Amino acid sequence: MNKLSTDRRAALVSALVEGNSIRATARMTDTAFNTVLKFVVDIGTVCRAYLDEHMRDLDCRRLQADEIWQFCYAKDRNLPPTMRRDQVLGCSSPNLVGSVWTWVAIDAETKLVPSFHVGTRDAGCACEFMHDLAGRLRHRVQLTTDGHRAYLVAVAQAFEDEIDYAMLVKLYGANPDPDGRYSPPKCVGARKEVQWGEPEDAHISTSYAERQNLTMRMGMRRFTRLTDGFSKKCENLEHALALHYMHYNFVRIHKTLRCTPAMEAGISDRLWTVRDIASLLERTEAQSAA
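The rules we used
- Every chain's residues receive numbers from 1 upward, in the order its sequence appears when written.
- The model is predicted, so local features are restricted to residues of pLDDT at least 70 and side-chain atom pairs to those at 80 or more, both for listing and for counting; the totals for chains, interfaces and linings are taken over all residues.
- With hydrogens and water stripped out, all remaining heavy atoms of the structure feed into the side-chain values.
- Axis lines are fitted to C-alpha atoms, over the contacting stretch for helices. Their N-to-C directions set the angle, which ranges from 0 to 180 degrees.
- Think of it this way: any DSSP run of H or I at least four residues long counts as a helix, any run of E at least two long counts as a strand, and we number them from the N terminus.
- Convention used here: angles under 35 degrees read as roughly parallel, angles over 145 as roughly antiparallel, angles from 65 to 115 as roughly perpendicular, and any remaining angle as oblique.
- For any helix crossing, the convention is left-handed if the near helix is rotated counterclockwise from the far helix by under a right angle, and right-handed if that rotation is clockwise.
- Contacts are assigned to residue pairs with any non-hydrogen atoms lying within 4.5 Å of each other.
- Here, expected helix span is obtained from the residue count minus one, scaled by 1.5 Å.
- The cut-offs for exposure are 20% and 50% of the maximum accessible area for each residue type, with area from a 1.4 Å probe on protein chains only; residues under the lower value are buried, those over the upper are exposed, and the others partly exposed.
- Any pair of Phe, Tyr and Trp rings, taking the six-membered ring for Trp, is counted once the centres come within 6.5 Å. Such a pair is stacked with planes under 30 degrees apart, edge-to-face with planes over 60 apart, and tilted for the rest.
- In this scheme, strands are said to pair when DSSP sees at least two bridges between them.
- Every crossover in which the path from the first strand over the helix to the second runs clockwise, viewed with the strands pointing away from the viewer, is termed right-handed.

S.K.: How should the packing of helix H6 (residues 207-219) against helix H7 (residues 234-250) be read in this particular structure?
M.R.: Between two packed helices, what matters for the description is the angle formed by their axes and the separation of those axes. Where H6 meets H7, the closest approach of the two axes is 11 Å, and the angle between their N-to-C directions is 115°. The angle between H6 and H7 falls in the class roughly perpendicular. Crossing of H6 over H7 shows right-handed handedness. Contacts from Gln212, Thr215, Met216 and Gly219 in H6 reach Leu241, His244, Tyr245 and Tyr248 in H7.

S.K.: I keep staring at helix H1 (residues 6-17) and nothing clicks. Help me out?
M.R.: Because an α-helix packs 3.6 residues into every turn, residues spaced three or four apart end up facing the same way. Here H1 spans 16 Å end to end across 12 residues, near enough to the 16 Å set by a 1.5 Å rise per residue. Among the residues of H1, those classed as buried are Thr6, Arg9, Ala10, Leu12, Val13, Ala15, Leu16 and Val17. In this structure, the buried side of H1 is in contact with helix H2 (22-29), helix H3 (33-54), H6, H7 and helix H9 (274-289).

S.K.: Looking at this structure, how should I read the packing of aromatic side chains?
M.R.: The geometry of an aromatic ring pair comes down to the distance between the two centres and the angle between the two planes. Counted by the stated rule, this structure contains 10 aromatic pairs. Ring centres 5.7 Å apart and planes at 75° place the aromatic pair Tyr50 and Phe250 in the edge-to-face group. With Tyr50 in helix H3 and Phe250 in helix H7, this pair connects stretches of sequence that are 200 residues apart. For Tyr50, a relative accessible area of 18% corresponds to the buried category. Look at Phe250 and you get buried, because its relative accessible area is 1%. Through pairs of rings, three or more aromatic residues link up here, namely Tyr50, Phe250 and Trp272.

S.K.: Please explain the pairing of strand S4 (residues 142-145) as it appears in this structure.
M.R.: Walk down a regular strand and you will see the side chains alternate between the two sheet faces. Where burial is concerned, the two faces of S4 agree: the one with Gln142 and Thr144 and the one with Leu143 and Thr145 are both buried. Sheet topology note: the strand S1 (residues 62-72)/S4 ladder contains three bridges and is parallel. Bridge pairing in S4 places Arg62 opposite Gln142. In terms of strand pairing, S4 meets strand S5 (residues 164-172) through four bridges, oriented parallel. Directly across from Thr144, in S5, lies its bridge partner Ala166. Between S4 and its parallel partner S5, the chain crosses via helix H5 (residues 150-159), and the hand of that crossover is right-handed.

From the geometry alone we can't say anything about function, so treat these as descriptive.
Here it is, written out as structure tokens:
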């Protein structure tokens, strides 16, 4: 069986994490399209397993959470009748099509992303996301989210009373250009709402989470607006996210921290490279062969 070399795999990782599409990556690395697509599945699987294992007992103190929209296969209005949302079971189904939301949490101090979840924007997915996040933390934290009401039940179930939680509810004015397709209403202010505990007022913010959303859109072709590079399968979107956050946490140097988030959080004592990520797949293959 033909097997990609470590150098070729590292080249694929490097191209993918810099926001290139599958076809662009195939052209840049002189690799077959289907080979690149299979590589995304394989590397995404091992990255997700590594993150799940090592993002535990985290010493986070101030977290921010937000959700970002994307679509799979087609936008809701263009879905065939047989693929409508009410015919898809489970908010984390690999067959999820139409509007898909990625829930992301970020540590405001270390900029580490300890957890993410792909699904719909309802209370069920909010609960799954918050339970996963709560299971990775060492002690009580301060959490800030936007005003999405699904967070209320999710946070209450996952953390009970062991959290300092506040919402930052944004206030929007009327859209000055009603014909603008992609121009959101202007934000005219924000209101802080303390839900539980005693969160510090100065740290009630979602700025880092919102900036993380921009990092996602810039770093993954699947999140680019007005493009044909969207995910055709939700499963592939999840694999791409796992690779993205593996690179973000362990390889990419944060300009403010001057090190990676994993190093700042004490999870890693060295700077990883894309070759190290590629080596994760090789070690997994060696263990399977043994």
